[in-house]
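# Coordinates in review
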Amino acid sequence: MDLLALADFTLVARHGGFSKAARAARRPKATLSRRVAELEAALDLRLFERGRGDLKLTEEGRTLFERAGALLSELEETATAIASGGERVRGRLRISVPLLFGQVAMGRLAAEFVRQHPEVRLEVTTDDRAVDMIEEGYDLVIRVDPAVDETLVGRPFLHDRLAVVAVPGVLPPTDAAVPVVVRGDDATTIWSVSAADGLTEVRVEPVMRLSSMVMIRDAVRAGGGAARLPMSLVGRDIADGRLAHWGDVAGSDISLWALYASRRLLNARVAALLAFLRRSFPAGTPEELAAYIEG
C-alpha cells in the first residue's frame, strides 16, 4: 500500500473535504483527489460518499481512517524518537487529562515519566471539558472518545467499558426500580445490561447523585446502590468479591486518546511521553489499567 496516498487520505478525512485539506496542507486539490482515487482503486473500496456539497466517509473509509491515523501517528512518533535519540529530552511539557484518569493513574505515571526524563518539567491539569490545546498552551491532551478535530492527531492507548455493579447479595428486582448511584444530572431511567444470558432492561431510580466516579465507587462499596462504573475502576473489586458484576452497559466501549496539534512538529518531549504510555499499557485493556491502578 502506498503510504503517501494513505497519508493524503487521512488528511482529507480529518479536514472533511478536499478543499479544506488542500488549503491546510498548501497542496493542489487535484493532487489530493487523484491520490485518494488511486487508493480507492488499489483497495477496490469506496472510501468517501461524494455529494454535491459535502464529503462523508463510508463505513470502510471510517474504519481505515481510525486505524490508518493511529498507524501514521505511531510512525511519526517513532521517527521523532529515533531522530532525537542522541539528544536529551528536556524542557516544559504541559498536558491535560480527564479527571478520573488523573485521580487514579496520572500521579504515578507522572512520577515514573519524570524519573526516566529528569530534565523534563511536567505540568498536568485535570479537566473533563474539551480544552483548546493550542489556545491554552498544552503540548498534549488525553481525551475520552474525542470528536473528530482537524487540528489534532493521535491515537487511542487505552480501552475501557462500563460495568454495572453492586454489593454481593443485591439482585435487580423484577417489579420495582433499582436504587442506583449516578453522576451529576444523569436522567436515564432504563439501563440496558448485557450479560452472559443476554440483554436485560433494568428500571432504575437514582438515590444519590455524585460528581466523581471515585465517589460513586465508594458509595456502591458501602451499599448505597448499583452503579455503572468503568471496568478499570472496579475490576479488582469484582475479582476479589467486594462487588458483584451484573453485566456490562450495552455499547459502552470507550477509548482514551493521546492527541497533539497537527499544525506543530512533534517534539521530542511529546514523542517520549507517547512512547512511555505505550510501554505502560502495551495491551491497552481495562484489566491492564485496573492492575496498574491497584499496583
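Summarised in this report is the structure supplied together with it. Worth saying up front: this structure is predicted, and the values here are computed from it rather than measured.

### Some details on the nonpolar core
Formed by 31 residues in total, the largest nonpolar core has its most connected members in L93, F101, L109, F113, L140, I142 and F157. Breaking this core down by element, the ones donating at least two residues are β3 (91–97), α5 (99–116), β4 (120–126), β5 (140–144), β6 (152–160), β13 (254–261), α8 (268–280) and α9 (286–294). Per-element accounting of this core gives the leading share, seven residues, to α8. The contacts of F157, once residues within four sequence positions are left out, are F101, I142, L256, W257, A258, L277, F281 and G284. Membership of the second largest hydrophobic core comes to 19 residues, among which are V12, L32, L57 and F65.

### Some points on α9
For an α-helix, the turn length of 3.6 residues means that residues three or four places apart are oriented alike. Considered for burial, the residues of α9 that qualify are P286, E288, L289, A290 and Y292. In this fold, the buried residues of α9 make contact with α5, β6, α7 (231–239) and α8.

### With respect to the side chain of S252
Summarising the element assignment, S252 is placed in the loop between β12 (244–249) and β13. For S252, a relative accessible area of 8% puts it in the buried group. At 3.0 Å, the side chain of S252 forms a polar contact with the backbone nitrogen of L162.

### Considering the packing of α5 against α9
α9 packs onto α5 with a crossing angle of 70° between their chain directions and a minimal axis gap of 10 Å. When the axis of α5 is compared with that of α9, the two are roughly perpendicular. Residues F101, V104, A105, R108, L109 and E112 of α5 form the contact with α9, whose participating residues are L289, Y292 and I293. Along the lines of polarity and charge, the residues of the contact of α5 with α9 split into seven nonpolar, no polar and two charged.

### Observations concerning unusual backbone geometry
The phi dihedral of D44 falls on the positive side, at around 55°, and the residue is not glycine. When you line up the elements, D44 lands in the loop between α3 (29–43) and β1 (48–50). By relative accessible area, which is 69% here, D44 ends up exposed.

Definitions and limits used
- Residues numbered from 1 in each chain as written.
- Predicted model: local features only at pLDDT ≥ 70, side-chain atom pairs only at ≥ 80, totals over all residues.
- Heavy atoms only, no water.
- Core = buried A, V, L, I, M, F, W, Y, C linked by side-chain atoms within 4.5 Å.
- Buried < 20%, exposed > 50% of the residue type's maximum accessible area, 1.4 Å probe, protein only.
- Helix = DSSP H or I, 4+ residues; strand = E, 2+ residues; numbered from the N terminus.
- Contact = heavy atoms within 4.5 Å.
- Polar contact = N/O pair within 3.5 Å; in protein donor to acceptor, adjacent residues only side chain to side chain.
- Axes fitted to C-alpha atoms, helices over the stretch in contact; angles between N-to-C directions.
- Parallel < 35°, antiparallel > 145°, perpendicular 65-115°, else oblique.
- Nonpolar A, V, L, I, M, F, W, Y, C, P; charged D, E, K, R; others polar.

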